[in-house]
Amino acid sequence: MKERNKLFYQVSRRIGDAICAYDMIRDGDRIAVAVSGGKDSMAVLEMLKYRQRFSPVKYDLVAIWVDLDIPGFPKQELTDFLAASGIEFYVEKADITGGGKWEDVNCYYCAQLRRKLLFQFADREGCRKIAFGHHLDDIAETILLNMCYRAELGAMCPKQELFGGQITIIRPLAYIHEYEIRELVEQGRVVSFKGHACPNDQRSKRILFKEIVQRLERENPGVKKNILNSLKNIKKDYLL
């Protein structure tokens, strides 16, 4: 039980570090937490809810789930969990397939539509901030993916203002490794609903970069954090 609580508190503390480092949350914020039913988004919801108890900065949470109508997804289980959590929650429907097959869904289109619905919801419900479940692995993978496939330097920023500051995306898990979230699920401290993943996940280029980053991290622990910090340590004299 002691070790079980130790990891939970360590993760919570580093989430607090990220929130402070990037000034993610301010007093009076109404934050929309984008949940998918997967471990990462549910970890954000659980941790922000837990930190409400003692945070000197007071904020409100709203859970928003974009229902993509994924085959086999336990919709009722997720909505029952959210209802029991005591957190205000909403469901937005999205017609991704348009009556076609999931195999034909374009990943970019799906992501853009989901974001559009989230932004519209946040604007409608007075949420100036949206919390996503992207962790340190996601950020490191994205930096490498952008370099190799888009020929650009860019990342999932821990905090990103959009539309002239009308909406701000925050990523409280920016300092958290994916394996730590997985351990929290195994310990029963974070819930994860099977069937949340997109049927096309295994076709994504991100899978390749996930394997690359994991291999690098095994050979040199700290690689993921180094990749993130590299964008704060630009050597301008060596740029083209």
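Here the structure is shown first, and the text comes after it.
This is a predicted model, so every value here is computed, not measured.

Asks: Would you mind going over the environment of leucine 61 in detail, with residue names and values included?
Replies: Topologically, leucine 61 is positioned in strand β2 (residues 59-67). For the pair leucine 61 and leucine 48, spaced 13 residues apart in sequence, the C-alpha to C-alpha distance is 8.0 Å. Not counting chain neighbours up to four residues away, the residues in contact with leucine 61 comprise Ile31, Val33, Leu45, Leu48, Lys49, Gln52, Ile87 and Glu88.

Asks: Quick rundown of the sheet that holds strand β5 (residues 159-162)? Include the residues and the values.
Replies: Taken together, the six strands give an open sheet; going across it, the order is β3-β2-β1-β4-β6-β5, and neighbouring strands pair in mixed fashion. Of all strands in the sheet, those with a lone pairing partner are β3 (88-93) and β5, marking the two edges. In this sheet, neighbouring strand axes are inclined to one another by 25 degrees on average, regardless of whether the strands run parallel or antiparallel. Note that strand β1 (residues 29-35) and β2 share seven bridges and pair parallel. Paired with isoleucine 31 across the strands is leucine 61, a residue of β2. Along the sheet, helix α2 (residues 39-51) makes contact with β1, β2 and β4 (129-131), crossing β1 at roughly 150 degrees. Packing of helix α4 (residues 107-125) onto the sheet brings it into contact with β1, β2, β3, β4, β5 and β6 (167-170), and relative to β2 it is tilted by some 145 degrees.

Asks: Go over the pairing of β5 with me, naming the residues and quoting the values.
Replies: Where β5 meets β6, four bridges bridge the pair, whose relative direction is antiparallel. Its bridge partner being in β6, glutamine 160 is matched across the sheet by isoleucine 169. Between β5 and β6, which pair antiparallel one after the other, the connecting turn spans four residues, and phenylalanine 163 there sits at a positive phi close to 55 degrees.

Asks: Quick rundown of the side chain of glutamate 141? Include the residues and the values.
Replies: Its location among the elements puts glutamate 141 in helix α5 (residues 136-149). Looking at glutamate 141, the relative accessible area reads 0%, which means it is buried. Excluding anything up to four places from it in sequence, glutamate 141 contacts Arg206, Phe209, Lys210 and Val213.

Asks: So, the state of the cysteines: which residues are in play, and what are the values?
Replies: Taken as a whole and judged by the stated rule, the model has zero disulfides. Here cysteine 157 stays unpaired: no disulfide links it, and the sulfur of cysteine 148, its closest cysteine neighbor, is 19 Å away. Looking at cysteine 157, the relative accessible area reads 32%, which means it is partly exposed.

Asks: Describe the pattern of salt bridges, listing the residues and the values that go with them.
Replies: As enumerated under the stated definition, the model contains 18 salt bridges in all. A salt bridge links aspartate 23 to arginine 26, with the shortest nitrogen-to-oxygen separation between them at 2.5 Å. For aspartate 23, a relative accessible area of 29% puts it in the partly exposed group. Ionic pairing is found between glutamate 178 and lysine 39, a salt bridge with its closest N-O pair at 2.9 Å. Within this pair, whereas glutamate 178 is found in helix α6 (residues 178-186), its partner lysine 39 is found in helix α2, the two being separated by 139 residues in sequence. As far as the burial class goes, glutamate 178 and lysine 39 line up, both buried.

Rules used in this analysis
Residues numbered from 1 in each chain as written. Predicted model: local features only at pLDDT ≥ 70, side-chain atom pairs only at ≥ 80, totals over all residues. Heavy atoms only, no water. Helix = DSSP H or I, 4+ residues; strand = E, 2+ residues; numbered from the N terminus. Contact = heavy atoms within 4.5 Å. Pairing = 2+ DSSP bridges. Axes fitted to C-alpha atoms, helices over the stretch in contact; angles between N-to-C directions. Buried < 20%, exposed > 50% of the residue type's maximum accessible area, 1.4 Å probe, protein only. Disulfide = S-S within 2.5 Å. Salt bridge = Lys/Arg side-chain N within 4 Å of Asp/Glu carboxyl O.

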